[in-house]
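Inside the fold
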Amino acid sequence: MPAIPFQNAPVVPPRPEWNASRPTLNNYSTNSSGPSRKDPPAILSKWGIGWRTPSLMAICYVLALLLAIGHLLLFRFIDGKEADGPDRVIPQAYVTTASNILANAFGVSLRGALGVSFCQHLWHLVRASAHKVSTIDDLFSVRGNPFLLMKMTLIRTAPALCMCVVIMLGSQVATAFPPGAITVIASQKSSFKTVAVPSFNASFMGNGSGVAANQFNFMDVYPQDANSITIAGMQLGKANNLITRVARQVLLSDDSLKFPSPCGVNCSYIMEFEGPWVQCTTASNNITASTFDGDTNRGNFNAYTGRWLSPPTARNARTAQTQYNGTYTLARFNTSTYTPISVEYTVPTVGGTGSPNASVILQQDNSTCMPGRAKFVVNNTYTDNVQLVTYTAQPINPLINLAITTHNGGIDVPGVNAEVGPRLGTKPANWSAEAIALFRDSNHMAIVGALVSWISGDFLARLPGYSSLLGNTTLARTLEKPLFWEDKVTTTPQGVSYTVGVNGTGILIDSTRFNAAFGSLSISNPQGLLISVSEDRLNDYLFKMTTSLMLAYGQWNTTSNATILTPTNIYSFSSPLALILPYFITLLVSIPFLLLGSISLIRNGVSAMDGGFIQLVATTTGSPTLDNAAAGGCLGGDESAAPELKELKIRFGELVGRPDMGRVKRAGFGTEDETVPLIKGENYGIARWI
């Protein structure tokens, strides 16, 4: 009865019995059962490099080059284009994925080309000389185990192959850099839109009627007779003195009223308008002044004097004829500023009492400014809703003479007044070019007058160092530049403190940018009073006031093409070298090794397969010595290999001393004694019946 196997015992197939009649290659070399005459007489290896191996090496290299160029073109294409939003060119996730695929494909292709070249040169080395089996094994394994590069024996045996492996390993590192060459940054997307913006048009008078003319003029417009009007200043406080209040605000803040953005958080637009402008002439000279004990000035001098002279439009013919002076206006703004250069103090009397005497040398700067008009080009830029204004100005002409010489000093405008009563009409009137010019320049004059009226008058200041000498009759002192006036403040018995320098005129000059101490509010760096009036500063104030009136009155609007900036994320090819250098340096250093592999392929005469089992079987049989040494490790694995096998020196060549040698020779691995160099063109293989 047969034995019953254990339940879980593996089923072992029965071992096949050896039958000598089974055909083998050796049967074809014996006479026991000769081959059929129909079979080929011999199995021969073919000489020739073929087209696959060189083509594979070339195609892989060219593919790597094309992938690198494609990666570069991709980044150049998306550079500066939107990464988010409805107008994005390619989603960020796709760009990242595509970039990684291109980089990895480049590495695979280049390593493929280098791998084919490596294989050809490796087989050339094992043909050229004998090497230990362990060394040959390391050469076959070094691409998968880079730690083998630390063996000096391997480096001495095949330095070129070791360097080729380093290039292949380095290509894996190099391909990590190109995807980082593209980044996503915040940017501004530009779009354009026509928007309504505040402006100023001194000639605009609505429908051209008398009522509209009065509405759009800063001054008061009165009916003169049936067909004439008079523009006669702002005596009645038109619009609650809005223009004078705006002038005061601008002078004290040194800034215009801020326009709310008409086009969004981040945008810009340009507008043009004609506004008031002054042209000044200046002159300077030194003067000497002095005080003495009992002087009513008590050490106070004029630090500034300003006079605004603007004859109003004449309301009768006599006055008009007196003030008429040709084409341009008679209005002038005259200023004198005084800068102390040196002060010398002396005691009034020997042993006396009172205030010290003083002698001061002053630099007197005089300016005479004539009002005119200029063309302004203004660039308004909003960044996070914060306005920045820059402008250029081109002067046109001085303002025309408003004191005209008609019989009654009026401006003739047929149809400007109502048909009944002395009142302005509501129907469009017939305005001549001269009348429009008078209307226009009266608006400009009103702006200039409202601004300079606040700085017209005298401002007193005390001599430098005067306060420290009060009550001291024995001290004398000489002071020199740089000197500043002392702004004297007095407190009344009721506790009210005021600046003596204003001298009851309400002048604001000390609280404006004309004062060098404006905005200097630090005790560590106190700035004394020093007033200076310049054409540039006056015109800057006039510009700020005009733009403030645009917003305050809101009577003049225009349209402008605004550039709107919308925050968006865009691709930025910010580091092109991070892509170009790794790719093209790797491609460049690979060329010598590809040439080396190509030369080896030609020298070998036969293409070598990389890692193929057929090649392993076909080239390692035929040497009895190698067969015997390898038999001990027939199970495979490094642990099974005998030391004798590892130390055995072999090479690939023509096997000699075999019993079946004849016209067909055998090639394979063998010891130095068993092999001779291959002869290109010889027949290598195995004979069957020849």
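**Considerations on the overall build of the chain**
Scanning the chain from N- to C-terminus turns up 14 helices and 20 strands. When the 690 residues of the chain are sorted by exposure, 41% land in the buried category. In the chain, of all internal contacts separated by at least 6 residues, the share reaching a separation of at least 24 is 76%.

**Description of the nonpolar core**
Trp431, Leu538 and Met545 are the most contacted members of the largest nonpolar core, which has 88 residues in total. Here the element with the most residues in this core is helix α9 (residues 433–452); it accounts for eleven residues. Residues in contact with Met545, not counting those within four places in the same chain, are Ile243, Val246, Ala247, Val250, Ile447, Ala450 and Leu451. Counting residues in hydrophobic clusters, the runner-up holds 58 residues, among them Phe106, Ile136, Cys164 and Ala667.

**Some remarks on the state of the cysteines**
Applying the stated criterion to the full structure yields two disulfides. Paired through a disulfide, Cys280 and Cys369 show a sulfur-sulfur distance of 2.0 Å. Because the torsion about its S-S bond is 110 degrees, the bridge between Cys280 and Cys369 counts as right-handed. One end of the pair, Cys280, is in strand β6 (residues 267–291); the other, Cys369, is in strand β9 (residues 357–383), with 89 residues separating them in the sequence. Between Cys162, a free cysteine, and Cys164, which holds the nearest cysteine sulfur, the sulfur-to-sulfur gap is 9.9 Å.

**Quick word on the packing of aromatic side chains**
The full count for this structure, using the stated rule, is 21 aromatic pairs. Ring centres of Phe218 and Tyr553 lie 5.0 Å apart, and the angle between their planes is 80 degrees; this geometry places the pair in the edge-to-face category. One end of the pair, Phe218, is in the loop between α6 (210–215) and β4 (221–225); the other, Tyr553, is in helix α10 (residues 535–553), and 335 residues separate them in sequence. For the pair Phe218 and Tyr553, one class covers both residues: buried.

**A word on helix α11 (residues 577–604)**
Side chains three or four residues apart in an α-helix point the same way, a direct result of the helix having 3.6 residues per turn. End to end, α11 covers 40 Å across 28 residues, agreeing with the expected 40 Å (1.5 Å per residue, within 8%). Along α11, the largest kink reaches about 30 degrees and is centred on Ile591; proline Pro592 follows within four residues of it. All of the buried residues in α11 are Leu579, Pro582, Tyr583, Thr586, Leu587, Ser590, Phe593, Leu594, Gly597, Ser600, Leu601 and Asn604. Close packing links the buried residues of α11 with α1 (52–78), α2 (92–128) and α5 (159–174). Looking one or two residues beyond α11, the residue adopting positive phi is Gly605, at roughly 80 degrees.

**Side note on the environment of Cys162**
Relative to the assigned elements, Cys162 resides in helix α5. On the basis of relative accessible area, Cys162 is assigned to the buried category, the value being 7%. In this structure the C-alpha to C-alpha distance between Cys162 and Pro146, which are 16 residues apart in sequence, comes to 9.3 Å. Leave out the neighbours within four places in its chain, and Cys162 touches Leu149, Leu154 and Ile155.

**Here we look at the sheet that holds strand β11 (residues 411–412)**
Across a sheet, strands are paired by hydrogen bonds formed along the backbone, either parallel or antiparallel in direction. Ordered by their spatial adjacency, three strands build an open sheet running β4-β5-β11, and the pairing between neighbours is antiparallel. Pairing within the sheet leaves two strands with one partner each, and these edge strands are β4 and β11. Taken together, the four bridges between β4 and strand β5 (residues 228–231) define a ladder with antiparallel strand orientation. Bridge assignment links Asp225 to a residue of β5, and that residue is Ser228.

**Regarding the packing of α2 against α11**
Following both chains from N to C, one finds α2 and α11 inclined at 30 degrees, their axes separated by 8 Å at the closest point. Considering their axes alone, α2 and α11 lie roughly parallel with respect to each other. Considering only the axes of α2 and α11, their crossing is left-handed. Residues Leu102, Ala103, Phe106, Leu110, Ala113, Leu114, Ser117, Gln120, His121, Trp123, His124 and Arg127 of α2 touch α11, and the partners they reach there are Tyr583, Thr586, Leu587, Ser590, Phe593, Leu594, Leu596, Gly597, Ser600, Leu601, Arg603 and Asn604. Looking at side-chain class alone, the contact of α2 with α11 contains 13 nonpolar, nine polar and two charged residues.

**What to know about the environment of Gly668**
Inspection of the secondary structure assignment puts Gly668 in strand β18 (residues 666–670). Separated by 51 residues in the primary sequence, Gly668 and Val617 have C-alpha atoms spaced 9.7 Å apart. Ignoring anything within four residues of it in the chain, the contact list for Gly668 reads Thr619, Arg651, Phe652, Gly653, Leu655 and Thr675.

**Looking at the side chain of Thr135**
Mapped onto the secondary structure, Thr135 falls in helix α3 (residues 133–141). Ignoring sequence-local partners within four residues, the contact set of Thr135 consists of Thr153, Leu154 and Thr157.

**A word on the environment of Ser99**
As for its position among the elements, Ser99 is in helix α2. The contacts of Ser99, once residues within four sequence positions are left out, are His71, Phe75 and Pro179.

**Describing the packing of helix α7 (residues 242–253) against α10**
Between α7 and α10, the least distance of the axes is 9 Å, while the angle of their chain directions is 130 degrees. Overall, the two elements α7 and α10 adopt an arrangement that is oblique. The chirality of how α7 crosses α10 is right-handed. Here Leu242, Ile243, Val246, Ala247, Val250 and Leu251 of α7 come into contact with α10, specifically with Tyr541, Lys544, Met545, Ser548, Leu549, Ala552 and Tyr553.

**Describing the confidence of the model for the chain**
Averaged over the chain, the pLDDT score is 82; the fraction of residues at 70 or greater is 82%. Confidence scores differ between elements of the chain, with helix α8 (residues 317–323) showing the lowest mean pLDDT of 47 and α10 the highest of 95. Here residues 20–32 scores under 50 on pLDDT; set against residues more than four positions off or in separate chains, the count is ten contacts. Across residues 471–476, where pLDDT falls below 50, the model places nine contacts with residues more than four positions away in sequence or in other chains.

**Description of unusual backbone geometry**
Located in the positive-phi region is Asp384, a residue other than glycine, with phi close to 55 degrees. Residue class for Asp384 comes out exposed when judged on its relative accessible area of 55%. Even without being a glycine, Asn385 presents a positive backbone phi close to 70 degrees. If you trace the backbone, Asn385 turns up in the loop between β9 and β10 (386–398).

**Some details on the side chain of Asn417**
When you line up the elements, Asn417 lands in the loop between β11 and α9. With relative accessibility at 9%, the residue Asn417 sits in the buried group. There is a polar contact of 3.0 Å between the side chain of Asn417 and the backbone oxygen of Ser228. Filtering out sequence-adjacent residues up to four positions away, Asn417 remains in contact with Pro223, Gln224, Asp225, Ala226, Asn227, Ser228, Ile229, Arg423, Leu424 and Gly425.

**Remarks on a nonpolar patch on the surface**
A grouping of Leu577, Leu581, Ile585, Leu588, Val589, Ile591 and Leu595 is seen on the molecular surface, where their side chains present a nonpolar patch of about 620 Å² in accessible area. Structurally, the position occupied by Leu577 is in helix α11.

**A word on the pairing of β5**
The side-chain alternation of β5 yields two buried faces, one formed by Ser228 and Thr230 and the other by Ile229 and Ile231. Of the pairings in the sheet, the one linking β5 to β11 comprises two bridges and is antiparallel in character. Along β11, the bridge assignment pairs Ile229 with Ile411.

What counts, and where the lines are drawn
- Residues numbered from 1 in each chain as written.
- Predicted model: local features only at pLDDT ≥ 70, side-chain atom pairs only at ≥ 80, totals over all residues.
- Heavy atoms only, no water.
- Helix = DSSP H or I, 4+ residues; strand = E, 2+ residues; numbered from the N terminus.
- Buried < 20%, exposed > 50% of the residue type's maximum accessible area, 1.4 Å probe, protein only.
- Contact = heavy atoms within 4.5 Å.
- Core = buried A, V, L, I, M, F, W, Y, C linked by side-chain atoms within 4.5 Å.
- Disulfide = S-S within 2.5 Å.
- Phe/Tyr/Trp six-rings, centres within 6.5 Å; stacked < 30°, edge-to-face > 60°.
- Expected span 1.5 Å × (residues − 1).
- Bend = angle between axes of the 7 residues up to and from the residue.
- Pairing = 2+ DSSP bridges.
- Axes fitted to C-alpha atoms, helices over the stretch in contact; angles between N-to-C directions.
- Parallel < 35°, antiparallel > 145°, perpendicular 65-115°, else oblique.
- Left-handed = near helix turned anticlockwise from the far one by under 90°.
- Nonpolar A, V, L, I, M, F, W, Y, C, P; charged D, E, K, R; others polar.
- pLDDT = per-residue confidence, 0-100.
- Polar contact = N/O pair within 3.5 Å; in protein donor to acceptor, adjacent residues only side chain to side chain.
- Patch = residues over 30% accessible without salt bridge, like charges linked within 9 Å, V, L, I, M, F, W, Y side chains within 5 Å.
- Areas by Shrake-Rupley, 256 points an atom, 1.4 Å probe, with all protein chains shown as cover.
- Salt bridge = Lys/Arg side-chain N within 4 Å of Asp/Glu carboxyl O.

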